[in-house]
Amino acid sequence: GQQVMQIPQYQHVQEGEDFTTYCNSSTTLSNIQWYKQRPGGHPVFLIQLVKSGEVKKQKRLTFQFGEAKKNSSLHITATQTTDVGTYFCAGPSGGGADGLTFGKGTHLIIQP
Amino acid sequence: NAGVTQTPKFQVLKTGQSMTLQCAQDMNHEYMSWYRQDPGMGLRLIHYSVGAGITDQGEVPNGYNVSRSTTEDFPLRLLSAAPSQTSVYFCASSYSTGVIFNEQFFGPGTRLTVL
């Protein structure tokens, strides 16, 4: 079935440095979503990408969907302590299952 | 709107006990789902429903039952709890079904420990 791999698992950065997490799928995705989960909290939707090569920005966050629609990335410019958390990508499960398959997430740790 | 609510927030069970995790949403979403989250494993889909009266299995359905008698409610039942079911359980809902999913709204979670 659908597999979504996400790297790195952990990322330590100094406040003000940039951060990038990558998501790769074993199959072509019709769309991909990104979520953020603060420590002790629940996942919160950030964005959805649908088109091949799509790039979307939300303030310091830049999301990209690959041309082949099998990979995606989230880049944060000049991290702040409020960016701490785990970032997940998710794509349709496929194979007859109607749901989302989540990557294992990237934990962003920021040192002031 | 309360969004997606889950009860209880915390629960401790003994092996073999059964219980029901409650989930409700007030957004009139057709699609609802249950995930479990374990350290290093991300979120894994347990069961989902595309509408009242319709449920289906996700990636890790064994040991769990669901029903969807109303649009608002989607309870998750643990039939005979096992230590392997110790996890954080999230309910989510969305107003879309099919290949293109829209934003999933997650509840606050239930933290379950099975001794």
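Rules of the game
- Residues numbered from 1 in each chain as written.
- Chains lettered and ligands numbered in written order.
- Predicted model: local features only at pLDDT ≥ 70, side-chain atom pairs only at ≥ 80, totals over all residues.
- Heavy atoms only, no water.
- Pairing = 2+ DSSP bridges.
- Helix = DSSP H or I, 4+ residues; strand = E, 2+ residues; numbered from the N terminus.
- Axes fitted to C-alpha atoms, helices over the stretch in contact; angles between N-to-C directions.
- Contact = heavy atoms within 4.5 Å.
- Buried area = accessible area lost by both parts, 1.4 Å probe.
- Polar contact = N/O pair within 3.5 Å; in protein donor to acceptor, adjacent residues only side chain to side chain.
- Nonpolar A, V, L, I, M, F, W, Y, C, P; charged D, E, K, R; others polar.

Q: What exactly am I supposed to notice about the sheet that holds strand 7 (residues 64-66) of chain B here?
A: What holds strands together in a sheet is hydrogen bonding between their backbones, with the strands either parallel or antiparallel. Residues and elements named next belong to chain B. Within the open sheet, the 4 strands sit side by side as 1-3-8-7. Their pairing is antiparallel. Two strands in the sheet have a free side with no partner beyond their single neighbour: strand 1 (4-7) and strand 7. For this sheet the average axis-to-axis angle between neighbouring strands, irrespective of direction, equals 20°. With 4 bridges connecting them, strand 1 and strand 3 (residues 19-25) associate as antiparallel partners. Bridge assignment links threonine 7 to a residue of strand 3, and that residue is glutamine 22.

Q: Would you take a moment to explain the interface of chain B and chain A for this structure?
A: When the parts of a complex come together, some accessible area is lost, and that lost area is often used as the size of the interface. Each side of the interface is counted separately: chain B has 23 residues, and chain A has 23 residues. With both sides pooled, the region where chain B packs onto chain A buries about 1,800 Å², and carbon together with sulfur makes up 56% of that total. There are 4 residue pairs in polar contact (both at pLDDT 80 or more) connecting chain B and chain A. Contributing elements (two or more residues each) for the side of chain B that touches chain A: strand 4 (31-38) and strand 5 (42-51) of chain B. Class assignment of the residues belonging to the side of chain B that touches chain A gives a composition of 13 nonpolar, 8 polar and 2 charged.

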